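# Per-entry structural report
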Amino acid sequence: MKLRYLLYCLPLWLLLTACPYSSEVPLKAPDEKVNNALLGKWIEESSSDNPTFFVITKTGEKTYQFEQNDYNSSDEVYTQKYFEAHLTKIGSVNFLNLKEPDDEGGKYYFFKLDKNDDGKSFVLYEVTDNIDETFDNSAAMYAFFDKHKDLSFFYNKDEKTYNKE
């Protein structure tokens, strides 16, 4: 009986642990200058003794590198993933375009980035992967994001706050 219950719950669990929306194209080519206040080490607010953290560095006038550090409890070490990144501003909303440099598919992942006024924290909201639309050009995707950016269901519910070390 318990096994049957778990099998029924599995699809719901998969739905609730969604990934951010991805696309072959960015929202826009990098055109926002690097915000130096974003550079440095940012630690996720978490109850974990070994929280995820980012080290953000400047790679160009308009681009960043995000080094994501996740704790691997089985090996008791942090593992790193590296992303190329840039910001795209649509109205008053900043979107983070993240791309794994070695990703042959060239997928971009998208997050709304809210930087707190104190400059000591920011919040990342995953753009929901429940979007069925696919885009072969940035202009069409930009227009789609612009139309939906202020709707709460455009984002997954599991936002994450990061504090500057």
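Summarised in this report is the structure supplied together with it. Everything numeric here is computed off the predicted structure, so don't read it as measured data.

This part covers the pairing of strand β8 (residues 121-126). With six of six residues buried, β8 lies mostly within the body of the structure. Neither face of β8 is exposed, since S121, V123 and Y125 on one face and F122, L124 and E126 on the opposite face are all buried. What sits between strand β7 (residues 108-115) and β8 in their antiparallel hairpin is a turn of five residues, with G119 showing a positive phi close to 75 degrees. Relative to strand β9 (residues 160-164), β8 runs antiparallel, the two sharing four bridges. By the bridge assignment, V123 is partnered in β9 with T161.

Okay, the pattern of salt bridges next. All chains considered together, the criterion is met by seven salt bridges. The partner of D31 in a salt bridge is K28, and the shortest N-O contact between them spans 3.0 Å. Assessed through its relative accessible area of 34%, D31 is described here as partly exposed. Note that D114 is salt-bridged to K112, the shortest N-O span being 4.0 Å. Look at D114 and you get partly exposed, because its relative accessible area is 28%. Taken together, the shared-partner salt bridges in this structure form one network comprising D146, K149 and D150.

Mapped onto the elements, H86 comes out in strand β5 (residues 77-90). Within the local environment of H86, its side chain forms a polar contact with the backbone oxygen of K28, the two atoms lying 2.7 Å apart. Not counting residues within four places of it along the chain, the set of residues in contact with H86 comprises P26, K28, A29, P30, K62, Y64, F95, L96, N97 and Y108.

Look at E76: it is not a glycine, yet its phi comes out positive at around 55 degrees. Residue position: E76 is located in the loop between β4 (64-72) and β5. Residue classification places E76 among the exposed positions, given a relative accessible area of 60%.

To describe a pair of aromatic rings, you give the distance between the ring centres and the angle between the ring planes. Per the counting criterion, the structure on display carries 16 aromatic pairs. Plain terms: the ring middles of F154 and Y155 are 5.4 Å apart, the flat faces sit at 85 degrees to each other, and that makes the pair edge-to-face. In textbook terms, an aromatic cluster arises when at least three aromatic residues are bridged by ring pairs, as seen for Y21, F95, F110, Y125, F135, F144, F145, F154 and Y155. The cationic tip of K41 hangs over the ring face of F53; the distance from NZ or CZ to the ring centre is 4.4 Å. The ring of Y155 carries the charged tip of K112 above its face, separated from the ring centre by 5.1 Å.

Grouped together as the largest cluster of nonpolar side chains are 18 residues, with contacts concentrated most on Y21, F95, F110, V127, M141, F145 and F154. Of all elements in the fold, only β6 (93-99), β7, β8 and α2 (138-148) reach the threshold of two or more residues within this core. Of all the elements, α2 adds the most residues to this core, at three residues. With residues near it in sequence (within four places) discarded, Y21 still touches Y108, Y109, F110, V127, T128, D129, I131, E133, T134, F135, M141 and F145.

Of note, Y71 is situated in strand β4. On the basis of relative accessible area, Y71 is assigned to the partly exposed category, the value being 30%. Separated by 23 residues in the primary sequence, Y71 and S48 place their C-alpha atoms 9.8 Å from one another. Residues within four places of Y71 in sequence aside, it is in contact with N50, E76, V77 and Y78.

Cut-off values and rules
- All chains use their own residue numbering, which begins from 1 and follows the written sequence.
- The predicted nature of this model means local features are confined to residues of pLDDT at least 70 and side-chain atom pairs, given and counted, to a pLDDT of 80 or more, with totals for whole chains, interfaces and linings taken over all residues.
- Only heavy atoms go into the side-chain values, all of them from the structure, while hydrogens and water stay out.
- Each residue's exposure class comes from its accessible area (1.4 Å probe, protein chains only) as a fraction of the maximum for that residue type: buried when under 20%, exposed when over 50%, partly exposed otherwise.
- By the criteria applied, helices consist of DSSP H or I runs no shorter than four residues and strands consist of E runs no shorter than two, each listed in order from the N terminus.
- When DSSP locates at least two bridges between a pair of strands, those strands are taken to pair.
- Here, a salt bridge means any Lys or Arg side-chain nitrogen found within 4 Å of an Asp or Glu carboxyl oxygen.
- Polar contacts, as counted here, are pairs of nitrogen or oxygen atoms within 3.5 Å of one another; within protein the pair requires one atom able to donate a hydrogen and one able to accept it, and residues that are adjacent in sequence qualify only if both atoms are side-chain atoms.
- Only heavy atoms enter the contact rule, under which two residues are in contact if any of them lie within 4.5 Å.
- Only the six-membered ring of Trp is used, alongside the rings of Phe and Tyr, when aromatic pairs are assigned; centres must lie within 6.5 Å, and planes under 30 degrees apart are stacked while those over 60 apart are edge-to-face, with the rest tilted.
- Ring-over charges, as used throughout, are those where CZ of Arg or NZ of Lys falls within 6 Å of the ring centre and within 35 degrees of the ring normal.
- To qualify as a nonpolar core, a set must consist of buried Ala, Val, Leu, Ile, Met, Phe, Trp, Tyr and Cys residues joined through side-chain atoms within 4.5 Å.

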